[in-house]
Amino acid sequence: MKIKYLGTAASEGVPAVFCKCEICERSRRAGGRNIRTRSQAVIDDTLLIDLNADTYIHSLYYGLDLPSIRTCIITHDHEDHLYPAELLNRQEGFAHGVDGQPLAIYGTWPAYAKVVETIAQGGTTEKGNVLEKMVTPVLIRPFVPFEAEGYRITPLSAQHDPKCEPVIYLIEKDGKALLYSNDTGRYPEETWEYLISHPVKLNLVSFDSTFAVVDWDSGHMGFAANDRIRQRMIKEGLVDKNTVYVANHFTHNSGVTYDDMLPAAKEYGFLVSYDGMEVEI
């Protein structure tokens, strides 16, 4: 199983869209991995995680074959993770060569409802709404696994804005397991209970590390909070010495650039994500 990080920032990006703070200015000057777009990832070039306003640029920069993507799972409905207006470009007249294959969008109720609303805005012909044939919303619930693209995918409750019914994802295939866990603070106890009662050995854990070197664990996390979660994972037997830990989803408000955070992440044994990074497990 392979994960490619297409975007690795929080909602404002790094450098932030309207900001001239020290971190944003230094990131602009340094360039390279210090530049971050909004968070999005793809598993095995097949299973897309989130659909934000930077999706198009990700397809240009990192070879994301959007016309061939058939499945997208949404963590929550904040616009840096779901920009449903982009789906209007999948209807007849805008998208050619997709062979009539719909794009399935999986999400909890707030995300599902936004996709349904967007489909209703699609153009109409004598055959009816042209977008509803090209986009299929699928309602999911925490702790209820589903199958897609050969993966077993389990949404788990996240500790984030409760209005958006956020989830993190346990993704399993061919004996490999990956936990993609942003946006979230400390994991809710019911999420721990599920992981423990459905024992799985995690090959990779992708953390929400929004605040990096700042010790934070409400709604988002930093490295220290990530390590506390790792310690409990070790205690519960969910990980082993070969598990890969990736710090992901960063804000300029952490007070550090990509280059700055590397030494701290190394002390914890974390990889630091950057736009375009691939990790295979």
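Just above, that's the structure.
Here's what I pulled together on the structure shown here. (Residues numbered from 1 in each chain as written. Predicted model: local features only at pLDDT ≥ 70, side-chain atom pairs only at ≥ 80, totals over all residues. Heavy atoms only, no water.)

## Observations concerning the overall build of the protein chain
Where we set the bar: In this text, helices come from DSSP runs of H or I with a minimum length of four residues, and strands from runs of E with a minimum of two, each type numbered from the N-terminal end. A 1.4 Å probe rolled over the protein chains alone gives each residue an accessible area, and that area as a share of the maximum for its type sets the label: buried under 20%, exposed over 50%, partly exposed in between. In this description, contact between two residues means that some pair of their heavy atoms is separated by no more than 4.5 Å. Note on areas: Shrake-Rupley with a 1.4 Å probe; residue coverage comes only from the protein chains shown. Positive charges are assigned to Lys and Arg, negative charges to Asp and Glu, while His and the chain termini are left out of the count. Working definition for charges: the position is that of NZ of Lys, CZ of Arg, CG of Asp or CD of Glu.
If you tally the helices and strands in the protein chain, you get six helices and 16 strands. By its C-alpha atoms, the protein chain is 60 × 50 × 35 Å across when sized along the principal axes. Within the span of the protein chain, comprising 281 residues, buried residues form 54% of the whole. Summarising the internal contacts of the protein chain: among those between residues at least 6 apart in sequence, 70% fall at separations of at least 24. About 12200 Å² of surface is accessible on the protein chain, with carbon and sulfur atoms providing 51% of the total. Placing the 27 positive and 39 negative side-chain charges of the protein chain at their respective mean positions leaves the two points 4 Å apart.

## Section: the environment of Lys 235
Among the secondary structure elements, Lys 235 is positioned in helix 5 (residues 223–235). In this structure, the C-alpha to C-alpha distance between Lys 235 and Ser 39, residues 196 residues apart in sequence, is 30 Å.

## Concerning helix 5
Put simply, the test is: Multiplying one less than the number of residues by 1.5 Å gives the expected span of a helix.
Its 13 residues give helix 5 an end-to-end C-alpha distance of 18 Å, which sits within 8% of 18 Å, the value for a rise of 1.5 Å per residue. For helix 5, the full list of buried residues reads Phe 223, Ala 224, Ala 225, Asn 226, Asp 227, Ile 229, Arg 230 and Met 233. Looking one or two residues beyond helix 5, the residue adopting positive phi is Gly 237, at roughly 75 degrees.

## A few points about the pattern of salt bridges
The condition is simple: For salt bridges, the criterion is a side-chain nitrogen of Lys or Arg within 4 Å of an Asp or Glu carboxyl oxygen.
Applying the stated criterion across every chain yields a total of 16 salt bridges. A salt bridge links Asp 227 to Arg 230, with the nearest nitrogen and oxygen atoms 2.7 Å apart. Taken together, the residues Asp 227 and Arg 230, both in helix 5 and three residues apart, mark about one turn of the helix. Look at the salt bridges and you will find they share partners, linking Lys 2, Lys 4, Asp 45 and Glu 278 into a network.

## Notes on the environment of His 81
The test is simple: Any pair of N or O atoms that falls within 3.5 Å is considered a polar contact. Within protein, one atom must be able to donate a hydrogen and the other to accept it, and sequence-neighbouring residues count only if both atoms are side-chain atoms.
Within the secondary structure layout, His 81 lies in the loop between strand 4 (71–73) and strand 5 (103–107). Between the C-alpha atoms of His 81 and Gly 100, which are 19 residues apart in sequence, the distance is 25 Å. When sequence neighbours within four positions are dropped, the list of residues in contact with His 81 reads Ser 39, Asp 50, Leu 51, Asn 52, Ile 74, Thr 75, His 76, Asn 182, Asp 183 and His 249. A polar contact of 3.3 Å, which involves the side chain of His 81, links it to the side chain of Asp 80.

## Remarks on the side chain of Ser 27
Mapped onto the fold, Ser 27 is located in helix 1 (residues 22–30). Apart from residues no more than four positions distant in its own chain, Ser 27 is found in contact with Val 14, Pro 15, Asn 34, Ile 35 and Thr 257.

## Remarks on the nonpolar core
Note the following rule: For the purposes of this section, nonpolar cores are sets of buried Ala, Val, Leu, Ile, Met, Phe, Trp, Tyr and Cys residues that join through side-chain atoms within 4.5 Å.
Membership of the largest hydrophobic core comes to 57 residues, with the highest contact counts inside it found for Ile 171, Tyr 187, Leu 202 and Met 233. For this core, the leading source of residues is strand 11 (residues 167–173), giving five residues. Ignoring any residue separated from it by four or fewer positions in sequence, one finds Leu 202 in contact with Leu 170, Ala 177, Leu 179, Met 233, Leu 238, Val 239 and Thr 243. Core analysis: the next-biggest nonpolar cluster, separate from the first, contains 17 residues, Val 42, Leu 64, Leu 131 and Val 135 among them.

## Looking at the sheet that holds strand 13 (residues 204–208)
Where strands meet in a sheet, backbone hydrogen bonds hold them as pairs that are either parallel or antiparallel. Note the following rule: One bridge is not enough; two strands pair if DSSP finds at least two bridges between them.
Strand order in the open sheet formed by seven strands is 9-10-11-12-13-14-15, and the pairing between neighbours is mixed. The sheet is open, and its two borders are formed by strand 9 (146–148) and strand 15 (271–272), each paired with just one other strand. In this sheet, strand 14 (residues 244–248) lies alongside strand 13 in parallel orientation, the contact comprising five bridges. If you follow Val 205 over to strand 14, its bridge partner there is Tyr 245.

These figures come from the coordinates and say nothing about function on their own.
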